[in-house]
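One letter stands for each residue in the lines below.
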Amino acid sequence: MESDCTHHDSAAPEAEAGDTAPKGAPAPLPPGTRLLHIGPHKTGTTSIQGALFAAKDAMACHGVDFPAHSRHPMEAALAVCARPGMMGDTKPTEGHWKRLVDAVHATGRRTSVVSSEFFADAPDDESIARIVDGLGRDQVHVLVTLRPLAKIMPSQWQQYVQNGLRMGYEDWLEHMLRKAPYEKPNPSFWRRHRHDRLVERWVRVAGAENVTVVVVDDRDRDGLMRTFESLLGLPDGLLQPVPDTANRSLTLAETEMLRKLNMEFRGNGLPDEVYSKMVRNGAVMHMKNTCSPAPDDARITTPRWALEAAAGIGAEMAERIAVMGVRVLGDPASLSAVPSVGSAGEAEPPRIDPEVAAHALYGALAVAAATPTHPVSVRSVHQTSSKELVRVLGHRVIKRLKRA
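Reading guide: rules and limits
Residues numbered from 1 in each chain as written. Predicted model: local features only at pLDDT ≥ 70, side-chain atom pairs only at ≥ 80, totals over all residues. Heavy atoms only, no water. Helix = DSSP H or I, 4+ residues; strand = E, 2+ residues; numbered from the N terminus. Buried < 20%, exposed > 50% of the residue type's maximum accessible area, 1.4 Å probe, protein only. Contact = heavy atoms within 4.5 Å. Salt bridge = Lys/Arg side-chain N within 4 Å of Asp/Glu carboxyl O. Core = buried A, V, L, I, M, F, W, Y, C linked by side-chain atoms within 4.5 Å. Pairing = 2+ DSSP bridges. Phe/Tyr/Trp six-rings, centres within 6.5 Å; stacked < 30°, edge-to-face > 60°. Axes fitted to C-alpha atoms, helices over the stretch in contact; angles between N-to-C directions. Parallel < 35°, antiparallel > 145°, perpendicular 65-115°, else oblique. Nonpolar A, V, L, I, M, F, W, Y, C, P; charged D, E, K, R; others polar.

**Student:** Teacher, can you tell me more about the overall build of the protein here?
**Tutor:** Along its length, the protein carries 15 helices and six strands. Buried positions account for 49% of the 404 residues belonging to the protein. Long-range contacts, defined as pairs at least 24 residues apart, comprise 81% of the intrachain contacts of the protein with a sequence gap of at least 6.

**Student:** Looking at this model, I keep getting lost on the pattern of salt bridges. Mind explaining?
**Tutor:** Between side chains of opposite charge, a pair can form when the charged atoms approach closely. A full pass over the atoms with the stated rule returns 23 salt bridges. The residue Asp 121 makes a salt bridge to Arg 83 at a minimum N-O spacing of 3.2 Å. Here Arg 83 lies in the loop between helix H3 (74-80) and helix H4 (94-105) and Asp 121 lies in the loop between strand E3 (111-115) and helix H5 (125-135), a separation of 38 residues in the sequence. Its relative accessible area of 1% is what places Asp 121 among the buried residues. Asp 89 is the partner of Arg 280 in a salt bridge, and the nearest nitrogen-oxygen pair spans 2.8 Å.

**Student:** Whenever I open this one, the nonpolar core confuses me. Can you help?
**Tutor:** Trp 97, Phe 119, Ile 131, Trp 202 and Phe 228 are the most contacted members of the largest nonpolar core, which totals 63 residues. Formed by 38 residues, the second largest nonpolar core is a distinct cluster that contains Tyr 160, Leu 173, Met 176 and Val 274.

**Student:** Just to check I follow, could you spell out the pairing of E3 for this structure?
**Tutor:** On any regular strand, side chains alternate: one points to one face of the sheet, the next to the other face. Among the five residues that make up E3, five are buried, leaving the element largely enclosed by the rest of the structure. Of the two faces of E3, the one holding Thr 111, Val 113 and Ser 115 and the one holding Ser 112 and Val 114 are both buried throughout. The pairing of strand E1 (residues 34-37) with E3 spans four bridges and is classified as parallel. Of the residues in E3, the one forming a bridge with Leu 36 is Val 114.

**Student:** How should I be thinking about the packing of aromatic side chains in this particular structure?
**Tutor:** When we look at a pair of aromatic rings, we describe it by the centre distance and by the angle of the planes. Throughout the structure, instances matching the rule amount to eight aromatic pairs. Ring centres of Tyr 160 and Trp 172 lie 6.1 Å apart, and the angle between their planes is 50°; this geometry places the pair in the tilted category. Taken together, the residues Tyr 160 in helix H6 (residues 149-161) and Trp 172 in helix H7 (residues 169-177) connect sequence positions twelve residues apart. Taken together, the aromatic side chains of Trp 157, Tyr 160, Tyr 169, Trp 172, Phe 189 and Trp 190 make up a single cluster linked through ring pairs.

**Student:** Just to check I follow, could you spell out the packing of H4 against H5 for this structure?
**Tutor:** For any two helices packed against each other, the geometry is given by the interaxial angle and the distance between the axes. Running from N to C, H4 and H5 point in directions that differ by 40°, and their axes come no closer than 9 Å. When the interaxial angle is binned, H4 and H5 end up oblique. Of the residues in H5, those touching H4 at Glu 94, Trp 97, Val 101, Val 104 and His 105 are Arg 130, Ile 131, Gly 134 and Leu 135.

**Student:** Teacher, can you tell me more about the sheet that holds strand E5 (residues 211-215) here?
**Tutor:** Two pairing modes exist for strands in a sheet, parallel and antiparallel, and in both the strands are linked by backbone hydrogen bonds. Across the sheet, six strands lie side by side as E2-E3-E1-E4-E5-E6; this open sheet has parallel pairing. The outermost strands of the open sheet, each flanked by one partner alone, are strand E2 (64-65) and strand E6 (327-329).

**Student:** Explanation requested: the packing of H6 against helix H13 (residues 304-322) in the structure shown.
**Tutor:** Contact pair H6 / H13: the axes reach a minimum separation of 9 Å and the direction vectors enclose 120°. With respect to their mutual orientation, H6 and H13 come out oblique. The segment H6 lies against H13, with Leu 149, Ala 150 and Met 153 engaging Ala 306, Leu 307, Ala 310, Ile 313 and Met 317. A per-class count over the contact of H6 with H13 returns eight nonpolar, no polar and no charged.

**Student:** Would you take a moment to explain the pairing of E5 for this structure?
**Tutor:** Burial within E5 is extensive, with five of its five residues counted as buried. Burial along E5 is two-sided: Val 211, Val 213 and Val 215 and Thr 212 and Val 214, pointing in opposite directions, are all buried. Taken together, the five bridges between strand E4 (residues 140-146) and E5 define a ladder with parallel strand orientation. Residue pairing across strands places Val 142 opposite Val 211, the latter belonging to E5. As defined by bridge partners, E5 adjoins E6 across three bridges and the pair is classed as parallel. Bridge pairing in E6 links Thr 212 to Arg 327.

**Student:** It is not clear to me how unusual backbone geometry should be interpreted in this structure. Could you clarify?
**Tutor:** In this structure, Pro 181 follows Ala 180 across a cis peptide bond, with omega equal to 5°. With respect to the helices and strands, Pro 181 occurs in the loop between H7 and helix H8 (188-193). The omega torsion across Lys 184 and Pro 185 is 5°, close enough to zero to call that bond cis. The residue Tyr 182 is not glycine, and still its phi comes out positive at about 65°. Among the secondary structure elements, Tyr 182 is positioned in the loop between H7 and H8.

**Student:** I keep staring at the environment of Glu 209 and nothing clicks. Help me out?
**Tutor:** Note that Glu 209 resides in the loop between helix H9 (195-206) and E5. Taking C-alpha positions, Glu 209 is 9.8 Å from Met 324, a pair spaced 115 residues apart along the chain.

**Student:** Looking at this structure, I do not really get helix H1 (residues 45-54). What am I missing?
**Tutor:** The α-helix advances 3.6 residues per turn, and as a result positions three or four apart in sequence lie on the same side. With seven of its ten residues buried, H1 lies for the most part within the structure. Buried within H1 we find Thr 45, Thr 46, Ile 48, Gln 49, Gly 50, Ala 51 and Leu 52. Buried residues in H1 make contact with E1, helix H2 (56-60), E3 and helix H10 (223-232).

Below you can see the structure in the form of structure tokens.
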């Protein structure tokens, strides 16, 4: 869509940085800064990415560019961090990263902003240096958004389940918090969420003066939007939340249904591509888009021992970040707070609503129906074991998907 404003030279942006910032807001970054938001996951990244993408034309009127070609340049971040991507998805290539780098450099000396939580997966200083140098070391400013681990853990677990995890929540917490070296089944968790080490890695490469840490306050729903506006020198209220049902978290019942499906999927040896097409982008996506959680749906509840362990780690992280010399916005004390929990009565097993299950099944069937079919030899299902039948059907589906 064409912008309804005229771009001006970056040396003379249309709005001076401090003109529209509300009282008490952080000072804007210098004009020409390339703001790199690295997440990590579950810290408001999807919300801010949607708002930035929706407002990209309006931001351009104020001297700020959004160079990514989509809301979230996930493939570019995965490629530069040498990450394989989601289970069954096509592996990102160097071309994805180069396309983003070229778009960023095309902004010249104008302010720009790039956001992907997958940058937090950069494994070492060499990978981080490649990111910073690729985007322009003399212009890059790194932004890290943080939330308490107690808020992150249930959301991250259900996200791992959407990528094939078969482990239940309490068992997963045991592995992440009590079973050293805390790397199984998801080694990426602590690379992302040991936040002091994450900030330290980026400080070593970018310098403390080029790193800002924002502690997100969940009580202030629009607080992160206002912080981005202030840092970018944008008018207050320009960034607005964009509804995104596809990114909503699953309920406990939905997650448990998917986890059981993951167990069947792995137990029958189906190809990962089938999972990507039919489960994550078929069943789960259709279920999210058509079913809104009810107020009385069971939530993913974190046991008290895990909340206290997370708070203890949060206190250590806040203490270490405080002495790194980075700018910290928000209240670091919230990272070590222990949330109150209700009475620990006997919880009933989560039960999936038949309508929700039907929508999930329809999503998978819709993907299969959209795939061209070809005549195949068939023998009676009564002559075939269920395990063999599932495996055969899975291989047929993946062949059809590849032909499509």
